[in-house]
Amino acid sequence: HLGSVIAYFTSAKFLLYLGHALSTWGDRMWHFAVSVFLVELYGNSLLLTAVYGLVVAGSVLLLGALIGDWVDKNARLKVAQTSLIVQNSSVILCGVILMIIFLFKTQLLTLYHGWLLTLCYILVITIANIANLASTATAITIQRDWIVVVAGEDRSKLADMNATIRRIDQLTNILAPMAVGQIMTFGSPMIGCGFISGWNLMSMCVEYLLLWKVYQKTPTLARKSAKVEASELKQLNVKKESDMKPAEGVQLIIEKDVSGFEPQQEKEVGCAARIAEPFITFRDGWVAYYNQPVFLAGMGLAFLYMTVLGFDCITTGYAYTQGLSGSVLSLLMGASAVTGIMGTVAFTWLRRKCGLIRTGLISGIAQFACLILCAISVFMPGSPMDLTVSPFADISARLFENEPLPTIASPESEMIFATGIPNLLNGSLAPANSDPEMSPEPVPLISVSLLFAGVIAARVGLWSFDLTVTQLLQENVIESERGIINGVQNSMNYLLDLLHFIMVILAPNPEAFGLLVLISVSFVAMGHIMYFRFAQKSLGKQLFVCHTPDPKAALDSSPPGNTSTV
């Protein structure tokens, strides 16, 4: 019995979990802290934070396919180690620069008319963006590729590993911001910078060692090289045809190299191809994504990002305007983490009983049913929805009355640090009803209670659905395209997330929040309709027949109407 426990704790699976936990913990601490640091640095204005958010979203949107292609073209260990080192080194460097700025801000302001300080801001945002891109590469290679290889042919094991990874994500989402928030509240932003830099340095060394151990324990991780070489040579072949097999591409290029015809011309073509390659990769990535059998399922997942119905900065800001305190919000966030973990348990159980595709269908129905509560909340007593109020009334009032933006030193922000609300991107630093003149009487809590009941309950369906689409992509995308397809999926997710922020910018006042809720519910419905269409195509008449699936059956090998599912 002791031997089996030791065997588990030294297994590749457990080491992968441990590495992911360390990586995610550092990531969540940094994402929480960097937004706060940028607000603090720029005189309590949200400008730098907004710029950072747009740069990060825009970069992943444009470079997602290229990052995925790089993951596909290189050996697994090299990709994992490079992205790990780049990510952690960037965070450490950023932390050091931020500490210097906090220490010498007044001196930097006077040097070169403040241009040196502006350069420091640009440096921080650029390096933080590089860290985020490296984090995206790490997520693609570990969560979408390594985990599939470690699980082997056992799809039940893959489902369990995916669920465990999501449980780690849920816990770190709550606990990591709380930890760094306490340090920043009772210490100072500079101590927070030092702590995060130190953590990432330690974490990088441990994660590097864990990756190496997982790689040693799983010999199949090294078996990507032959396919990658063929893929690389195929990419270099300028006159490649869409239906050409990788082996043919290899043969053609080897023949060219051996024969040695017109080496100068080949060099010129190679140079032109190298310049055009990123654009061709970008195009090919999106075309390949569109042609995937699981395209509609991936799009369905992306559409769920176009929502204000989550525990992000927008919803927490709205909750403050409705009179909820930071302590109540932290409890609600804890409840959402619990329901999220319940969703991962529901996923593994449903998959065993009904198969993977039907699990997504059931999860989607469950999520949408819960979100109907949110739609009802818009029309209940206490809802501030009033479409006669101009969306820009709040902004113009601030501009004309010269009201200062809320400061980091305010009690509300201390509450945010203490309770660990993880995102301040859109400035939910203080409740709108903090001014007694603005809210002379308490707001009825029926509407906001229904809203959060719907959001929290929907997490069960949401995380189960997320895991379903994740596993569909893992199982049905060929190994040589896993990186680029998941890179494009990340880009789609960021695109819809960016649209939801733009939607909030266009209607930022609490009176318009009800409309945003209804739009969000509509997008979730559209996402699940896409998934339903995918399920219908895949399973045909057997769509609503639940049974224990054949674990070996693959989606692309099952014709419509076949009862076996993935």
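Residues numbered from 1 in each chain as written. Predicted model: local features only at pLDDT ≥ 70, side-chain atom pairs only at ≥ 80, totals over all residues. Heavy atoms only, no water.

Student: Please explain the overall build of the protein chain as it appears in this structure.
Tutor: Of regular secondary structure, the protein chain possesses 19 helices and zero strands. Residues classed as buried in the protein chain amount to 51% of the 566 residues present. Accessible surface, the protein chain: about 25,600 Å² in total, of which carbon and sulfur atoms supply 69%. (Helix = DSSP H or I, 4+ residues; strand = E, 2+ residues; numbered from the N terminus. Buried < 20%, exposed > 50% of the residue type's maximum accessible area, 1.4 Å probe, protein only. Areas by Shrake-Rupley, 256 points an atom, 1.4 Å probe, with all protein chains shown as cover.)

Student: Looking at this structure, how should I read the pattern of salt bridges?
Tutor: For side chains bearing opposite charge, pairing can occur when the charged atoms are close. Scanning the entire structure with this criterion turns up eight salt bridges. Arginine 482 serves as the salt-bridge partner of aspartate 145, at 2.6 Å between the closest nitrogen and oxygen. Taken as a pair, aspartate 145 in helix H5 (residues 115-151) and arginine 482 in helix H18 (residues 482-506) lie far apart in primary sequence, 337 residues in all. Arginine 482 shares its class with aspartate 145; the two are buried. Here aspartate 169 ties to arginine 166 by a salt bridge, and the two come within 3.7 Å at their closest N and O atoms. One end of the pair is aspartate 169 and the other is arginine 166, both in helix H6 (residues 155-186) and three residues apart, which spans about a single turn. A cluster of three or more residues bridged by salt bridges with shared partners is formed by Arg76, Asp145, Glu479 and Arg482. (Salt bridge = Lys/Arg side-chain N within 4 Å of Asp/Glu carboxyl O.)

Student: Looking at this model, I keep getting lost on helix H4 (residues 76-110). Mind explaining?
Tutor: Since the α-helix turns once every 3.6 residues, residues separated by three or four places project in the same direction. Spanning 35 residues, H4 covers 48 Å between terminal C-alpha atoms, matching the ideal 51 Å at 1.5 Å per step. When the local axis directions of H4 are compared, the greatest deviation, roughly 85°, occurs at phenylalanine 104. Looking one or two residues beyond H4, the residue adopting positive phi is tyrosine 112, at roughly 50°. (Expected span 1.5 Å × (residues − 1). Bend = angle between axes of the 7 residues up to and from the residue.)

Student: How do you make sense of the environment of valine 287 when you look at a structure like this?
Tutor: Tracing the backbone shows valine 287 in helix H10 (residues 263-290). Measuring from C-alpha to C-alpha, the distance between valine 287 and isoleucine 485 comes to 9.7 Å, with 198 residues separating the pair along the chain.

Student: Teacher, can you tell me more about the nonpolar core here?
Tutor: Across soluble globular proteins, you tend to see nonpolar side chains buried next to one another. In this structure, Val308, Leu309, Phe452, Val517 and Tyr531 are the most contacted members of the largest nonpolar core, which totals 72 residues. At 13 residues, helix H17 (residues 446-476) tops the list of elements feeding residues into this core. A domain-level breakdown of this core finds at least three residues from each of domain 1 (1-222) and domain 2 (277-390 + 444-543). Grouped together as the second largest cluster of nonpolar side chains are 56 residues, Ala33, Ile142, Val150 and Leu158 included. (Core = buried A, V, L, I, M, F, W, Y, C linked by side-chain atoms within 4.5 Å. Domains from an automatic or database assignment.)

Student: Can you help me understand the packing of aromatic side chains in this one?
Tutor: Note on aromatic pairs: each is described by the distance of the centres and the angle between the planes. Under the counting rule described, the total for this entry stands at 14 aromatic pairs. Judged by centre distance (4.8 Å) and plane angle (90°), the rings of phenylalanine 9 and phenylalanine 14 are edge-to-face. For phenylalanine 9, a relative accessible area of 45% translates into the label partly exposed. Ring centres 6.3 Å apart and planes at 40° place the aromatic pair tryptophan 25 and tryptophan 199 in the tilted group. Here tryptophan 25, found in helix H2 (residues 12-41), pairs with tryptophan 199, found in helix H7 (residues 189-217); they are 174 residues apart in sequence, far enough to count as distant. What makes tryptophan 25 partly exposed here is its relative accessible area of 22%. Through successive ring pairs, a cluster of aromatic residues spans Tyr8, Phe9 and Phe14. (Phe/Tyr/Trp six-rings, centres within 6.5 Å; stacked < 30°, edge-to-face > 60°.)

Student: I tried to follow the packing of helix H13 (residues 326-354) against helix H14 (residues 356-377) on my own but got confused; where do I start?
Tutor: A pair of packed helices can be characterised by two numbers: the angle between their axes and the separation between those axes. Following both chains from N to C, one finds H13 and H14 inclined at 125°, their axes separated by 7 Å at the closest point. By the angle class used here, H13 and H14 are oblique. Crossing handedness for the pair H13 and H14: right-handed. Side by side, H13 and H14 meet where Phe347, Leu350, Arg351 and Cys354 of the first sit next to Leu356, Arg358, Thr359, Ile362 and Ser363 of the second. The residue inventory of the contact of H13 with H14, partitioned by class, reads five nonpolar, two polar and two charged. (Axes fitted to C-alpha atoms, helices over the stretch in contact; angles between N-to-C directions. Parallel < 35°, antiparallel > 145°, perpendicular 65-115°, else oblique. Left-handed = near helix turned anticlockwise from the far one by under 90°. Contact = heavy atoms within 4.5 Å. Nonpolar A, V, L, I, M, F, W, Y, C, P; charged D, E, K, R; others polar.)

Student: Explanation requested: the environment of glutamine 367 in the structure shown.
Tutor: Mapped onto the elements of the fold, glutamine 367 is located in helix H14. Classification of glutamine 367 by relative accessible area gives buried; the value is 4%. Distance in space between the C-alpha atoms of glutamine 367 and serine 464 is 9.3 Å, their sequence separation being 97 residues. Look past the residues within four positions of glutamine 367 in its chain and what remains in contact with it is Leu304, Ala458, Gly461, Leu462, Val524 and His528.

Student: Can you help me understand the packing of helix H11 (residues 295-303) against helix H19 (residues 513-539) in this one?
Tutor: Between H11 and H19, the least distance of the axes is 8 Å, while the angle of their chain directions is 165°. What the angle tells us is that H11 and H19 run roughly antiparallel. Regarding H11 and H19, the two cross each other, and that crossing is left-handed. Two secondary-structure elements touch here, H11 through Leu296, Ala297, Met299, Gly300 and Phe303 and H19 through Phe523, Met526, Gly527, Met530, Tyr531, Arg533, Phe534 and Lys537. Each residue belonging to the contact of H11 with H19 can be placed in one class, and the counts come to nine nonpolar, two polar and two charged.

Student: Can you walk me through the side chain of threonine 470 in this structure?
Tutor: Relative to the helices and strands, threonine 470 resides in helix H17. Looking at threonine 470, its side chain comes within polar contact range of the main-chain oxygen of aspartate 466, at 2.8 Å. Residues in contact with threonine 470, not counting those within four places in the same chain, are Arg144, Asn162 and Arg166. (Polar contact = N/O pair within 3.5 Å; in protein donor to acceptor, adjacent residues only side chain to side chain.)

Student: What am I meant to see in the side chain of glutamine 292 here?
Tutor: Relative to the elements of secondary structure, glutamine 292 occurs in the loop between H10 and H11. Reaching out from glutamine 292, the side chain makes a polar contact with the side chain of glutamate 481 at a distance of 3.2 Å. Excluding anything up to four places from it in sequence, glutamine 292 contacts Asn476, Val477, Glu481 and Ile485.

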